[in-house]
Amino acid sequence: MSHADNCILAQHCSLAGSDKCNALCSSYIAVHGYNGAGGRIAAASIPADYQKATLQNSPARGDQAAAYKVIDAYVNTFQRQFSEESERIKSLYLYSESPGTGKTTSAAAILNEYIVRHFIGSVQRNRQALDRPGYFLDVNAWQELYTEFTRPHVPEDIAGPASREYYRQMQHARLAPFAVLDDIGVRAATDGFRGDLHSVINYRVTNGLPTVYTSNVAIGELAQVFDKRLADRVRDMCGVVEFKGGSKRGIRK
Ligand SMILES: Nc1ncnc2c1ncn2[C@@H]1O[C@H](COP(=O)(O)OP(=O)(O)OP(=O)(O)O)[C@@H](O)[C@H]1O
Ligand SMILES: [Mg+2]
């Protein structure tokens, strides 16, 4: 296997596959880190299974042709991040009724694309790329952390680390120029957790920061899962992309 297979910059790189294409390449280190640590992909906290997802290698591309037409056009708007005057980058809501249709894979691929374009665009403009241009928040895992430290009688040595990690993730999800909020609207949320999720979304929308949401709840029904105010915020400057068909989980391509 060529080293280029490990690098999401490969398709844009003139050195890909050459003898200069190796783990010591400064661009590779900037994106993927050195010796398994650091780099902008790790800073984005994309789950391991989805870290190498690209729009080209996504197994969903073939089956979800209509969705990928929209997504391909969408990522071309990422160049707007470098110009003050241009229109805002919109948000996207990736939705399917059925689980396992490729939403999270596609959201991670979109985030990776943002990171790649941010890194290359910054280098081309002689600017320092941000350390964390994008962030992936697994809303389920984040809710589990919330439950861990708000449960009654939970010992401090468990509650302390869980709450610190919870607020760390919340801060990154708020502030990142680009974010994925993966799996919003799945489980009954307490008022406290709902308030925090609302505050993340509200901050992003108010500051014009684009977000890719994934969900099994139709955007029109979000008001029933959360509340109307939050549902209205999600809909702000947001395109809906529907993923069709049943679960492809476990199918190898
Ligand atoms: N069209 C497809 N063909 C083959 N495999 C696919 C396809 N779409 C997704 N997969 C695979 O199915 C698994 C689930 O994909 P993913 O996590 O992106 O789905 P999801 O829509 O986010 O599911 P959920 O609604 O449960 O969160 C992954 O391993 C992915 O590679
Ligand atoms: Mg998912």
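Note that the structure is predicted; figures quoted are calculated from it, not measured.

### Let's talk about the side chain of Asp182
Note that Asp182 resides in strand 3 (residues 178-182). For Asp182, which is buried and forms no salt bridge, the nearest opposite charge comes from Lys103, at a distance of 7.5 Å. Those residues in contact with Asp182 that lie beyond four places of it in its chain are Thr104, Phe136, Leu137, Asp138, Val139, Asn140 and Thr214.

### Structural notes on the packing of aromatic side chains
Given two aromatic rings, one states the distance between the centres and the angle between the planes to describe the pair. Applying the stated criterion to the full structure yields 13 aromatic pairs. On the basis of an interplanar angle of 65° and a centroid distance of 5.1 Å, the ring pair of Phe78 and Phe178 is categorised as edge-to-face. One end of the pair, Phe78, is in the loop between helix 4 (65-75) and strand 1 (91-95); the other, Phe178, is in strand 3, and 100 residues separate them in sequence. What makes Phe178 buried here is its relative accessible area of 0%. Chaining the aromatic ring pairs together yields one cluster made of Trp142, Tyr146, Phe149, Tyr166, Tyr167 and Phe193. When the ring centre of Phe82 is taken as origin, the NZ or CZ atom of Arg125, which lies over that ring, is 4.1 Å away.

### Some remarks on the nonpolar core
One finds Tyr74, Ile110 and Val212 to be the most contacted residues of the largest nonpolar core, which totals 37 residues. Sorting the residues of this core by element identifies helix 1 (26-32), helix 4, strand 1, helix 5 (103-124) and strand 3 as the ones contributing at least two each. Per-element accounting of this core gives the leading share, 9 residues, to helix 5. When residues of this core are assigned to domains, at least three map to each of domain 1 (1-38) and domain 2 (49-242).

Parameters and conventions
Residues numbered from 1 in each chain as written. Chains lettered and ligands numbered in written order. Predicted model: local features only at pLDDT ≥ 70, side-chain atom pairs only at ≥ 80, totals over all residues. Heavy atoms only, no water. Helix = DSSP H or I, 4+ residues; strand = E, 2+ residues; numbered from the N terminus. Buried < 20%, exposed > 50% of the residue type's maximum accessible area, 1.4 Å probe, protein only. Lys, Arg positive; Asp, Glu negative; His and termini not counted. Salt bridge = Lys/Arg side-chain N within 4 Å of Asp/Glu carboxyl O. Contact = heavy atoms within 4.5 Å. Phe/Tyr/Trp six-rings, centres within 6.5 Å; stacked < 30°, edge-to-face > 60°. Lys NZ or Arg CZ within 6 Å of the ring centre and 35° of its normal. Core = buried A, V, L, I, M, F, W, Y, C linked by side-chain atoms within 4.5 Å. Domains from an automatic or database assignment.

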